Amino acid sequence: MTDTSADLVILGGGSGGYACAFRAAELGLSVILVEKDKVGGTCLHRGCIPTKALLHAAEVADNAREGDRFGVKSSLEGIDIQGVNSYKDGVVSGLYKGLQGLFKANKVTVVEGTGSFVGPNTVEVDGTRYTGKHVVLATGSYARSLPGLEIGGRIITSDQALNLDYVPSKVVVLGGGVIGVEFASVWRSFGAEVTIVEALPRLVPAEDEWAAKQLERAFRKRGIKFKTGVRFTGATQDDTGVVVSLESGESLEADLLLVAVGRGPNSAGHGYEEAGLKLDRGFVLTDERLRTNLPGVYAVGDLVPGLQLAHRGFQQGIFIAEDIAGQNPKVIDEAGIPRVTYCNPEVASVGLTEAQAKEKYGSVETLVYALSGNGKSQILKTSGGVKLVKSPDGPVVGITLVGERVGELIGEAQLIYSWEATPEDVAPLVHAHPTQNESLGEAFLALAGKPLHVHG
């Protein structure tokens, strides 16, 4: 058995793993990264990037269909799904090639194969052991199902949905969270009949209740059906379709059932429990500095309880590399991680929801600025708004936006939250006109007591 050593051994080459590898290499550490599939992980190959490519194709389809609204004579002849998939795969391929080049440029050693953590500081791949002064576990997550609901045939997860070679006529989406509403949005734009089933009382239940109401109103206008507060009880399928049964006694017939009930930690089969790592429901437990209960062993990304977002993994990977290198980086504020759902309309947020803020502070002040008062939003013919949540002692502790393209505004919102800005801090800042960015400025003007383009 061969022994190979480095300053850092990383198990998993997704967002968290490769960010950690690159930053560690920049800091002069030797790095070995083990990956069983393709570097880039779920985000690049089966998640963030391909789904957003589909969503952009869906936006193009909507624009063609709705050209008359802008005085442009256009129509949608149909969806060439092979062409859509070629476009999507081309985006992924280009980014993948670039990422491979970065591994070479950073002199990170990549070991291809399935790795197991054999502790206390060693990962084994096909009989070869790789030992590090430190080990980072970054094995990511997988698309979950429900007990007794087997994936196969017409019952699919996002993994299979990304590679469909046809546009279904009728779809039931099980789960009204981020993944569910994004695929519902795509398929509706492509012409499918879509029904979302969500057990909780509203869509995007992790977001502010105001945002959920805005999204539900927009989905109704788009013809996307949804049933909230109702539980799924089973599904049967044959060659012609799938029948979904609900606790209410209702049955829904469709071509496909998309199971979008979240993602689970990919911890099984990697030797974690056997090595003595503390787990909770499959998640690897860490402290605020992402250290596990084993000395010199860290965990990152979807494997760790919390938001399952690629950019969280990126930042955690950078944090761990700098921590190992002795730079004592500032602990990541989980609430300060921006969240974007890329359906039409988009939902973007940072900080606390109104309910979370009330739980923390007791009483809060809120303000909603409608996009109907924003010139660029009217040019785009999008509706929605900006909601601010202010703590009793001054700073704004939560910002939520709903509308087309509002995900591009979350950067400023994150800065505002992170510097603990008050409305009076932000109100004097000049926002370019006409931009959707002005909607943030207008909201803060109003909250500071000097509203401009606000009725009432």
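Residues numbered from 1 in each chain as written. Predicted model: local features only at pLDDT ≥ 70, side-chain atom pairs only at ≥ 80, totals over all residues. Heavy atoms only, no water.

1. Digging into the overall build of the protein
In step 1: The helix and strand inventory of the protein stands at 13 helices and 24 strands.
In step 2: Since a compact globule built from 456 residues should have a radius of gyration of about 23 Å, the 23 Å found for the protein is in line with a globular shape.
In step 3: With the C-alpha coordinates aligned to their principal axes, the bounding extent of the protein is approximately 70 × 60 × 40 Å.
In step 4: Here the analysis covers contacts within the protein between residues at least 6 apart in sequence; of these, 62% occur between residues at least 24 apart. (Helix = DSSP H or I, 4+ residues; strand = E, 2+ residues; numbered from the N terminus. Rg over C-alpha atoms; globule rule 2.2 N^0.38 Å. Contact = heavy atoms within 4.5 Å.)

2. Some thoughts on the nonpolar core
Soluble globular proteins tend to bury their nonpolar side chains together.
In step 1: One finds I10, F117, L137 and I320 to be the most contacted residues of the largest nonpolar core, which totals 47 residues.
In step 2: Of all the secondary structure elements, the ones that give two or more residues to this core are β1 (3-11), α1 (15-26), β2 (31-35), α4 (81-105), β5 (122-125), β6 (128-137), β19 (297-299) and α8 (310-324).
In step 3: The element contributing the most residues to this core is α1, with 6 residues.
In step 4: Apart from the residues lying within four places of it in its own chain, the contact partners of L137 are L11, F117, Y272, L277, V297, Y298, A299, V300 and L303.
In step 5: In terms of nonpolar packing, the next biggest core, distinct from the first, is built from 36 residues, I81, V181, L203 and L215 among them. (Core = buried A, V, L, I, M, F, W, Y, C linked by side-chain atoms within 4.5 Å. Buried < 20%, exposed > 50% of the residue type's maximum accessible area, 1.4 Å probe, protein only.)

3. Here's the deal with the UniProt feature "binding site: NAD(+)" (unreviewed entry) in the protein
In step 1: Within this structure's numbering, the places UniProt gives as "binding site: NAD(+)" (unreviewed entry) are G175, G176, G177, V178, I179, G180, V181, E182, E198 and G262. Look at the named residues: they lie 88 residues apart in sequence, but the longest C-alpha span between them is just 14.0 Å, so in the fold they bunch up.
In step 2: Relative to the helices and strands, V178 resides in helix α6 (residues 178-189).
In step 3: Overall, the relative accessible area of 40% leaves V178 in the partly exposed class.
In step 4: With respect to the helices and strands, the residue G262 is situated in the loop between β15 (256-259) and β16 (263-265).
In step 5: According to the relative accessible area criterion, G262 is partly exposed, its value standing at 30%.
In step 6: Apart from residues no more than four positions distant in its own chain, G262 is found in contact with Y142, A143 and R144. (UniProt positions renumbered as here; feature names shortened; annotations may be inferred.)

4. Quick word on α6
In step 1: End to end, α6 covers 17 Å across 12 residues, agreeing with the expected 16 Å (1.5 Å per residue, within 8%).
In step 2: Of all the positions in α6, only G180, V181, E182, F183, A184, S185, V186, W187 and S189 are classed as buried.
In step 3: G191, located one to two residues past α6, shows a positive phi value of around 105 degrees. (Expected span 1.5 Å × (residues − 1).)

5. Some remarks on helix α7 (residues 209-222)
In step 1: With 14 residues, α7 should cover 20 Å at 1.5 Å per step; its first-to-last C-alpha distance of 20 Å lies within 8% of that length.
In step 2: The residue sitting at the N-terminus of α7 and contributing the capping side-chain oxygen is D208; that oxygen lies 2.9 Å from the backbone nitrogen of W210.
In step 3: Once α7 finishes, G223 follows within two positions and takes phi at roughly 85 degrees, a positive value. (Polar contact = N/O pair within 3.5 Å; in protein donor to acceptor, adjacent residues only side chain to side chain.)

6. Observations concerning the pattern of salt bridges
Side-chain pairs of opposite charge can arise whenever the charged atoms involved come near each other.
In step 1: Under the counting rule described, the total for this entry stands at 20 salt bridges.
In step 2: Salt bridges here are not isolated pairs; linked through shared partners, they connect D208, E354, K358 and K387. (Salt bridge = Lys/Arg side-chain N within 4 Å of Asp/Glu carboxyl O.)

7. Some points on the sheet that holds strand β13 (residues 242-246)
In step 1: With antiparallel pairing, the 3 strands of this open sheet are ordered in space as β12-β13-β14. This sheet does not close on itself; its edge strands, each paired only once, are β12 (232-237) and β14 (251-254). Each strand of the sheet is rotated relative to its neighbour by a mean of 20 degrees, with strand direction disregarded.
In step 2: Bridging between β12 and β13 involves 5 bridges; their strand directions are antiparallel. When the sheet's bridge partners are listed, T236 is paired in β13 with V243. (Pairing = 2+ DSSP bridges. Axes fitted to C-alpha atoms, helices over the stretch in contact; angles between N-to-C directions.)

8. Details of the sheet that holds β15
One key point about sheets: their strands pair by backbone hydrogen bonds, in either a parallel or an antiparallel sense.
In step 1: One open sheet accounts for 5 strands, arranged β8-β15-β9-β10-β11; its pairing is parallel. Looking at strand neighbours, the two that pair on one side only are β8 (155-156) and β11 (225-228), the edges of this open sheet.
In step 2: Taken together, the 4 bridges between strand β9 (residues 170-174) and β15 define a ladder with parallel strand orientation. Across the sheet, V172 pairs through a bridge with L257, a residue of β15.
In step 3: In this fold α6 packs onto β8, β9, β10 (193-198) and β15, with an angle of close to 170 degrees to the strand it touches most, β10.

9. Observations regarding the domain arrangement of the protein
In step 1: Here the domain parsing of the protein yields domain 1 (3-142 + 264-334), domain 2 (155-261) and domain 3 (345-448).
In step 2: Computed from C-alpha coordinates alone, the two centres of domain 1 and domain 2 are separated by 27 Å.
In step 3: Contacts between domain 1 and domain 2 engage 19 residues on the former and 15 residues on the latter.
In step 4: Around 1300 Å² of area is buried between domain 1 and domain 2 when both sides are counted, 63% of it from carbon and sulfur atoms.
In step 5: At the boundary of domain 1 with domain 2, the tally comes to 2 salt bridges.
In step 6: Taken together, the links from domain 1 to domain 2 amount to 6 residue pairs in polar contact (both at pLDDT 80 or more). (Domains from an automatic or database assignment. Buried area = accessible area lost by both parts, 1.4 Å probe.)

10. Some words on the UniProt feature "domain: FAD/NAD(P)-binding" (unreviewed entry) in the protein
In step 1: Using the residue numbers shown here, the UniProt feature "domain: FAD/NAD(P)-binding" (unreviewed entry) corresponds to residues 7-317.
In step 2: Structurally, residues 7-317 is divided into 32% helix and 26% strand, and its ends, taken at the C-alpha atoms, are 15 Å apart.

11. Examining the packing of helix α3 (residues 48-65) against α4
In step 1: Taken N-terminus to C-terminus, the directions of α3 and α4 make an angle of 140 degrees; their axes are 9 Å apart at the nearest point. With respect to α4, the element α3 is oriented oblique. In this structure, the crossing between α3 and α4 has a hand that is right-handed. Across the interface between the two elements, I49, P50, A53, L54, H56 and A57 of α3 pack against V84, Y87, K88, V91, V92 and L95 of α4.
In step 2: Residues that form the contact of α3 with α4 fall into these classes: 10 nonpolar, 1 polar and 1 charged. (Parallel < 35°, antiparallel > 145°, perpendicular 65-115°, else oblique. Left-handed = near helix turned anticlockwise from the far one by under 90°. Nonpolar A, V, L, I, M, F, W, Y, C, P; charged D, E, K, R; others polar.)

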